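# Fold and geometry: a report
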Amino acid sequence: MAVVAAACVELSLDLGKYILSYKPKNKLPVEEYLTKRGIRHLDLAVSTHIHEDHLCGLLRAARIAPPDVLWQTLPADFYKSLSPLDSSAARTPSESKFLRALNDYRRLCLGQSCPRHRPLAGMELRLCRDLLVRVLGPSRAQAEKLASSCRALYEEADPSAFW
């Protein structure tokens, strides 16, 4: 989880509810971190996968500092097929967090008019002259498996059957 500022770009990468400072016990809510540093805009937001500790802070960050671009592991228009999920149907806290993370992902995408890209393993993306990003994963097969699993969750009539 990080907000990275380079000479040419500010980006958020897998933001959970808190951002850790250099001291392990010093963690700030995402909103407080961005506000204290005067960050009102992100050049890039990156969601590597849908887990609460990697996603729920991106939604909060985007409300304060809207990103120009969102990178995600799901297809760029995947969010359009999503409907809200009932997290009360979950049997465990882990299941509830996952359902809430999917709902946050949906709200993040619905609330952003920025382009969405799906970087895959092997791609190289130049963010600016001095910053080249090499994408290590997921592979195309891994990304398709994730999308298929998420589609199955949304198509399942009985939410408990998914688990």
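See above for the structure.
The rules behind the values
Residues numbered from 1 in each chain as written. Predicted model: local features only at pLDDT ≥ 70, side-chain atom pairs only at ≥ 80, totals over all residues. Heavy atoms only, no water. Helix = DSSP H or I, 4+ residues; strand = E, 2+ residues; numbered from the N terminus. Buried < 20%, exposed > 50% of the residue type's maximum accessible area, 1.4 Å probe, protein only. Contact = heavy atoms within 4.5 Å. Areas by Shrake-Rupley, 256 points an atom, 1.4 Å probe, with all protein chains shown as cover. Salt bridge = Lys/Arg side-chain N within 4 Å of Asp/Glu carboxyl O. Expected span 1.5 Å × (residues − 1). Core = buried A, V, L, I, M, F, W, Y, C linked by side-chain atoms within 4.5 Å. Lys, Arg positive; Asp, Glu negative; His and termini not counted. Polar contact = N/O pair within 3.5 Å; in protein donor to acceptor, adjacent residues only side chain to side chain.

### Examining the overall build of the protein chain
A tally of regular secondary structure across the protein chain gives five helices and nine strands. Element order for the protein chain, N to C, with α for helix and β for strand: β-β-β-β-α-β-α-β-α-β-β-β-α-α. Buried positions account for 41% of the 163 residues belonging to the protein chain. Taking the contacts inside the protein chain whose residues are at least 6 apart along the sequence as the reference set, 65% of them involve residues at least 24 apart. Approximately 9300 Å² of the protein chain is accessible, and the part contributed by carbon and sulfur atoms is 53%.

### Details of the pattern of salt bridges
Per the stated rule, a full pass over the model turns up seven salt bridges. Across the pair E32 and K36 runs a salt bridge whose closest N-O atoms are separated by 3.2 Å. With E32 and K36 both in helix 1 (residues 30-36) and four residues apart, this pair spans about one turn of that helix.

### Brief notes about helix 2 (residues 52-64)
For helix 2, with 13 residues, the first-to-last C-alpha span of 19 Å sits near the 18 Å given by 1.5 Å per residue. Taken together, the buried positions of helix 2 are occupied by H54, L55, C56, G57, L58, L59, A61, A62 and I64.

### Focus on the nonpolar core
By size, the foremost hydrophobic cluster in this structure holds 25 residues, and its most contacted members are I50, L55, L74, L102, Y105 and L108. Of all elements in the fold, only helix 2, helix 3 (93-111) and helix 4 (140-155) reach the threshold of two or more residues within this core. In terms of residue count, helix 3 provides more of this core than any other element does, seven residues in total.

### Topic: the environment of L153
Mapped onto the fold, L153 is located in helix 4. A relative accessible area of 7% places L153 in the buried class. As for L153 and L82, which are separated by 71 residues in sequence, their C-alpha atoms are 9.9 Å apart.

### Observations regarding the side chain of R116
Considering the arrangement of structural elements, one finds R116 in strand 7 (residues 116-117). Among buried Asp, Glu, Lys and Arg side chains, R116 stands out as unpaired, with D77 the closest opposite charge at 9.1 Å. Looking at R116, its side chain comes within polar contact range of the main-chain oxygen of C109, at 2.3 Å.

### Side note on unusual backbone geometry
A cis amide bond links G137 with the next residue in sequence, P138, at an omega value of 5 degrees. For P138, the position within the fold is in the loop between strand 9 (131-134) and helix 4.

This is a description of form; function is not addressed.
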